[in-house]
Every structure is written in structure tokens, then in C-alpha cells.
Amino acid sequence: MPTEIHVPRPVVPTGSRPREPMSLIHRLPRPICYVMAGGGAHGCVQWGLLQALAETDIAPDSLVGTSAGSLTCSILGEDPLSALSRLSYVWSQLDLEVLVGDSWLAMLTAATKRSRSLADNASEKETLEQILVARDFSELRVPTAAVATDLATGKATALDSGELIPALLASSAIPGMLPPVTIQGRQYVDGLASANLPARLAVERGAKSIIVLDTGSREPAPISTSPTKVVARVNSILNAAQRRAQLAYASSRVPVLALPTPQNLGAALDFRGTMTAAGAAYEMGRQFLFDLSRERSRSTLRAGLYARGQRYEQDPELSQFLRAVREGEAK
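First things first, this report covers the structure right here in the doc. Quantities reported herein were computed from a predicted structural model and do not represent experimental measurements. (Residues numbered from 1 in each chain as written. Predicted model: local features only at pLDDT ≥ 70, side-chain atom pairs only at ≥ 80, totals over all residues. Heavy atoms only, no water.)

Right, let's get into unusual backbone geometry. The omega torsion across Arg30 and Pro31 is 0°, close enough to zero to call that bond cis. With a phi angle near 55°, Asn264 is a residue other than glycine that sits in the positive phi range. The residue Asn264 is located in the loop between β8 (255–258) and α11 (274–293) in this model. (Helix = DSSP H or I, 4+ residues; strand = E, 2+ residues; numbered from the N terminus.)

In this section: the pattern of salt bridges. Per the stated rule, a full pass over the model turns up eleven salt bridges. Notably, a salt bridge pairs Asp61 with Arg30, separated by 2.7 Å at the nearest N-O pair. Of this pair, Asp61 sits in the loop between α1 (44–53) and β2 (62–66) while Arg30 sits in the segment before β1 (32–36), and the two are 31 residues apart along the sequence. Residue classification places Asp61 among the partly exposed residues on the basis of a relative accessible area of 26%. The salt bridge involving Arg205 is made with Asp160; its shortest N-O contact spans 2.9 Å. Residue Arg205 is located in the loop between α9 (199–204) and β7 (209–213), and its partner Asp160 is located in the loop between β4 (156–159) and α7 (164–171); the two are separated by 45 residues in the primary sequence. For Arg205, a relative accessible area of 41% translates into the label partly exposed. (Salt bridge = Lys/Arg side-chain N within 4 Å of Asp/Glu carboxyl O. Buried < 20%, exposed > 50% of the residue type's maximum accessible area, 1.4 Å probe, protein only.)

The subject of this paragraph is the packing of aromatic side chains. All told, the structure shown has zero aromatic pairs when counted by the stated rule. Arg253 extends its terminal NZ or CZ atom over the ring of Tyr249, reaching a point 3.7 Å from the ring centre. (Phe/Tyr/Trp six-rings, centres within 6.5 Å; stacked < 30°, edge-to-face > 60°. Lys NZ or Arg CZ within 6 Å of the ring centre and 35° of its normal.)

When you tally the buried positions in helix α2 (residues 68–78), you get eleven out of eleven residues, the bulk of the element. Of the residues making up α2, those classed as buried are Ala68, Gly69, Ser70, Leu71, Thr72, Cys73, Ser74, Ile75, Leu76, Gly77 and Glu78.

A pair of packed helices can be characterised by two numbers: the angle between their axes and the separation between those axes. Between α2 and α7, the shortest axis-to-axis distance is 8 Å and the interhelical angle comes to 150°. What the angle tells us is that α2 and α7 run roughly antiparallel. In this structure, α2 meets α7 at a crossing whose hand is right-handed. Contact residues: Ser70, Leu71 and Ser74 in α2; Leu164, Leu168 and Ser171 in α7. Class assignment for the residues of the contact of α2 with α7 results in three nonpolar, three polar and no charged. (Axes fitted to C-alpha atoms, helices over the stretch in contact; angles between N-to-C directions. Parallel < 35°, antiparallel > 145°, perpendicular 65-115°, else oblique. Left-handed = near helix turned anticlockwise from the far one by under 90°. Contact = heavy atoms within 4.5 Å. Nonpolar A, V, L, I, M, F, W, Y, C, P; charged D, E, K, R; others polar.)

Sheet topology note: the strand β3 (residues 144–150)/strand β6 (residues 186–190) ladder contains three bridges and is antiparallel. Within β6, the position partnered with Thr149 by the bridge is Val189. Here strand β5 (residues 181–183) runs beside β6; their pairing, made up of three bridges, is antiparallel. From the neighbouring strand, Ile183 faces β6, where its bridge partner is Arg186. Counting the residues in the hairpin turn of β5 and β6 gives two residues, including Gln184, whose phi is positive at 50°. (Pairing = 2+ DSSP bridges.)

Shown next, in the form of C-alpha cells:
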């Protein structure tokens, strides 16, 4: 039998008039910042969420992203009108071999050599140069920042001026796998080490509303005595704590729309399920935005975390900021 495919259903409007974009921008204080998390192959989720946002009247005033999110931000910032089409071509071609090239084979033996990383970033640099026309942040139409971690201080740094490609390489320099990147005399690694979901930076940079485009999640590694599984579980715990802190800081100060994302995705470097994950994110994000647009209140949103309640109701750090968006009839 042929493999089943899933295509999101259209929204069929009542009456004969064409469907209008969902009206939400009047409820969001400006400036509005899209905050995009890192997540490797899970970055495809942001493509789906952007498709949902394209069915609203919201447009970002600025963009802040980490790792895979910094690439999505750059594509959107370079040309907002063509971004969704371009992202479709990116995610239909992107895989680990495209990112690391022949150095993928060298990973098998790199651990026995004196090397700064398992792979070099030459293939990733070439890929970024093929995807993007812009070479400097000043060429982007929407103000954009790529978040990387200063290797000396451990602080999250928003790279938003000068050369674009080195900043993206720094933002996605997975420690141990890809080499640190030197920019103006300082070494940087992947922003996941300091602010994988850089909501705090967005507030500090002046955002009055934040829309979070996360990258989904997978089940934490099981408790085990295996060294690799222990490391994986510790990383998961640290990432979750960092994410909560970022959302708590931002939600206490500005309205934060945390778009829902699919759960139980594959490994962060497994690109085989990108279309499925993007489609699920689009449907979830579209329904969330529809439900928010149908709320009776038309007033400007206050500071808080606007999200699906089930994920945050039991979270002691975030429940105090939660303004649950109830799920209505599927659209």
C-alpha cells in the first residue's frame, strides 16, 4: 500500500466572502519581536508556525533567534514576502550531510585526534552562503539578531551588526561538534549554552510584545547509568530550566504569545521528519491564533504568558504568569 500523507485541511469560511486574515495586531503593543529558539532539525517547526502567522495581520518589528532560529530569522529578515517559499526549499533539501559535508566521516575518528571539534564548519558556511544573499546585517529588511554564547564569559550575546555569515556560524557552533567562531577577537559558541530561547534578550532590546516560535520537544532521555544517556538527560534538564527562566522573565514584563509546538520529535540532528513536524506546527499554531483572535476581549494584551494551559498549569515558575488560551473548534 502507498505511504499515507497528511495535508492540513483548509479553512472554509461561512458565506461567500473570502476569508480575511485573523485580526490580532491591534491587541499587541509595539514593537513586536519574533523570538526563535534553537533546535537543529526541529527548526522546521518554525517554518510551520510562520505559515500560521502569515494567516494573521501580525508583522514583526524585530527578530531574535538562536542557532537554527537565527537562520530562520535571517531568511525572514532578508525578504519577509518570499520567506515562507524560500524556507520550503531550505527544509526540503537540508540534512546533516549538507551541513557538515565530508567532515561527517571524520567525526568517527576525530575523538582520537587533537581537534577543536568533531567537524569543521566549511560546509555549513557554504550552505549559508547558498541560502542567503545578504552578507551583512545592514542588508536585512527587518532588524535581526543572532544569539551566541561568549565562550569566555558564558553570557548570551546578540550579534546584530557586521558580517552576517560568521554570526550565524557562531550562533550554531554546537560545542564539541563544530568549532568556536572568533568575532572581533572574542570566541563564540552556540547560543543554546546561554539562551536557547532568547526571550529575555528580546525584552532587553526593547520588545513590548513577544511571539515565541519554539522548536518542539522530545521525551527526556531515560534515567540510566549509561554515560551518554546521563549527559543527554542533564542537558535536557538544564535546557528546560533555562527555557523557564527566559519565559518567566519576559512574561512578567510584556505579553508573550507562546505558540504550541509538536511534542515527541526525533533527535535534533535527524532531518527525516521535517515535513511532518512543520505540518503539525502549522495546524497547532493556526488553531491557537484563531482561538486567541476569537476571544471576547478586544483590549490590548497585558503582560503574561499566553499559551495552552495544559503545558504550564503545573509549572510553579510559569503558572503565575499564565493566561491560558482555551482550544475551540478545530479550524
